[in-house]
Amino acid sequence: MNTATISPDQIRRGPRPGAPDGEGSVQVQLDPSVKIGTAKVFAIYGKGGIGKSTTSSNLSAAFSMMGKRVLQIGCDPKHDSTFTLTKKMLPTVIDVLETVDFHPEELRVEDFVFPGYNGVMCVEAGGPPAGTGCGGYVVGQTVKLLKEHHLLEDTDVVIFDVLGDVVCGGFAAPLQHADRAMIVTANDFDSIFAMNRIVQAIGAKAKNYNVRLGGVIANRSAATDQIDKYIGKIGLELAAHFPDLDVIRRSRLKKSVLFEMETSPELEAVKKEYLRLAANLWLGGKEYSAVPMKDRDIFDLLGFD
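A. Looking closely at the overall build of the chain. Across its full length, the chain carries 10 helices and eight strands. Residues counted as buried form 54% of the 305 residues belonging to the chain. Working note: accessible area of the chain is about 13,500 Å², and carbon and sulfur atoms make up 51% of it.

This is the structure in structure tokens:
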């Protein structure tokens with residue numbers, strides 16, 4: 001189903017009465033004429049609560065420290081992706097569209113794009129109310145607005161921070177724009193189980209779009225033995241490793257990216273890892289054609305004898 005057929009009323013109220021469950025999200029296709037352009041585009045996925053927003057915001061900050069013009073797009077109705085960059089909760093694209101009765105020509109750039117740390121541009125796409133509407137429409141409208149206002153022409157890097165697991169075509173929509181998809185995971189069964197589904201979703205999109213798996217980011221984990229066991233089996237590699245440090249937790253409480261926090265040896269090591277990750281991604285990084293495992297096989301693989 002093409003997103004052009006989805007009306008603003010569906011965003012407000014969800015699918016039409018009597019429509020099949022999932023209509024408007026399972027088969028979402030973005031308008032092929034709305035392309036991001038020359039920027040390098042990264043989509044960050046992973047299990048809900050795994051630290052995707054922390055990872056995305058600090059990666060955005062790292063790219064900005066390299067002198068890149070960065071745009072971060074939060075794709076979650078909670079609209080909390082960018083608050084460590086901006087120090088506030090931003091209104092969503094859907095919020096501001098609703099104020100003008102979904103007439104995008106009435107919006108100004110400053111209505112939905114906000115400056116953040118070191119010049120990072122921040123947008124919260126938001127989403128439909130829980131259980132209704134289509135996340136893919138939201139992503140499509142956000143990119144369309146950015147393009148209409150010529151913001152993508154002055155951008156080197158775009159980072160999509162996408163909610164939770166990939167459970168519908170709507171929130172897989174950023175994969176249709178991305179060059180690389182990165183998966184954030186912890187060293188535990190639930191995170192790796194979710195990662196396997198995301199690998200499957202990225203593989204499905206890679207058949208029709210340019211997106212490729214760009215590797216795994218281990219987060220909130222001292223060890224990576226379970227991650228290593230899984231990715232070694234399916235043909236993936238670690239792109240970066242961030243341990244479970246109190247300074248990272250405190251940075252969220254202080255509404256700050258790590259580059260603003262008081263320095264310490266452990267913090268300097270984490271900042272160095274973010275800069276290394278950003279530099280590798282900018283140069284293109286590796287791409288992987290991983291083959292996801294069957295659920296039962298993951299269950300049998302992980303854990304201790």
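B. Spotlight on the confidence of the model for the chain. Here the chain averages 85 in pLDDT, and 82% of its residues register 70 or above. The model gives residues 1-6 a pLDDT under 50, and that stretch makes 19 contacts with residues more than four places away or in other chains. A low-confidence stretch, residues 10-28 stays under pLDDT 50, and its non-local contacts, those more than four residues away or across chains, total 41 contacts.

C. Geometry of the environment of Tyr117. On the secondary structure map, Tyr117 appears in the loop between strand E3 (114-115) and strand E4 (121-124). Sequence separation between Tyr117 and Val257 is 140 residues, and the spatial gap between their C-alpha atoms is 7.9 Å. Contacts of Tyr117, omitting those with residues within four sequence positions, involve Ala61, Ser64, Met65, Leu85, Val257, Phe259 and Glu260.

D. Local environment of helix H6 (residues 189-206). Between the first and last C-alpha of H6 there are 26 Å, a value that for 18 residues agrees with the 26 Å anticipated at 1.5 Å per step. All of the buried residues in H6 are Ser191, Ile192, Ala194, Met195, Asn196, Ile198, Val199, Ala201, Ile202 and Lys205. Put simply, Asp188 is the residue that caps the front of H6, since its side-chain oxygen is 3.3 Å from the backbone nitrogen of Asp190.

E. Geometry of the pairing of E4. Neither face of E4 is left uncovered, since the one carrying Met121 and Val123 and the one carrying Cys122 and Glu124 both have all their residues buried. Bridge count for strand E2 (residues 70-75) against E4 is four bridges, and the pairing is parallel. The residue bridging Gly74 from the neighbouring strand is Glu124, located in E4. Across two bridges, the pairing between E3 and E4 is antiparallel. Within E4, the position partnered with Pro115 by the bridge is Met121. Turn length for the E3-E4 hairpin, with the two strands adjacent in sequence and antiparallel, is five residues, and the turn residue Asn118 shows positive phi of about 55°.

F. Expanded view of the nonpolar core. One finds Phe160 and Tyr230 to be the most contacted residues of the largest nonpolar core, which totals 57 residues. With six residues, the single largest contributor to this core is helix H5 (residues 135-148). Every residue in contact with Phe160, bar those within four places of it in the chain, is listed here: Ile36, Val41, Phe42, Ala43, Ile44, Ile73, Cys75, Val139, Val143, Pro174 and His177. Grouped together as the second largest cluster of nonpolar side chains are 36 residues, Ile159, Ala239, Leu258 and Tyr274 included.

G. Here's a closer look at the packing of aromatic side chains. Within this structure, the stated rule accounts for four aromatic pairs. Taking 5.7 Å as the distance between ring centres and 15° as the angle between the ring planes, the aromatic pair formed by Phe42 and Phe63 counts as stacked. Residue Phe42 is found in strand E1 (residues 40-46), and its partner Phe63 is found in helix H2 (residues 52-65); the two are separated by 21 residues along the sequence. Of the two residues, Phe42 and Phe63, both sit in the buried class. With a centroid separation of 3.9 Å and an interplanar angle of 15°, the aromatic rings of Phe242 and Tyr274 are classed as stacked. Separated by 32 residues along the polypeptide, Phe242 in strand E8 (residues 238-242) and Tyr274 in helix H9 (residues 265-282) bring together distant segments of the chain. Using a relative accessible area of 2% as the deciding quantity, one classes Tyr274 as buried.

Criteria and thresholds
- Residues numbered from 1 in each chain as written.
- Predicted model: local features only at pLDDT ≥ 70, side-chain atom pairs only at ≥ 80, totals over all residues.
- Heavy atoms only, no water.
- Helix = DSSP H or I, 4+ residues; strand = E, 2+ residues; numbered from the N terminus.
- Buried < 20%, exposed > 50% of the residue type's maximum accessible area, 1.4 Å probe, protein only.
- Areas by Shrake-Rupley, 256 points an atom, 1.4 Å probe, with all protein chains shown as cover.
- pLDDT = per-residue confidence, 0-100.
- Contact = heavy atoms within 4.5 Å.
- Expected span 1.5 Å × (residues − 1).
- Polar contact = N/O pair within 3.5 Å; in protein donor to acceptor, adjacent residues only side chain to side chain.
- Pairing = 2+ DSSP bridges.
- Core = buried A, V, L, I, M, F, W, Y, C linked by side-chain atoms within 4.5 Å.
- Phe/Tyr/Trp six-rings, centres within 6.5 Å; stacked < 30°, edge-to-face > 60°.

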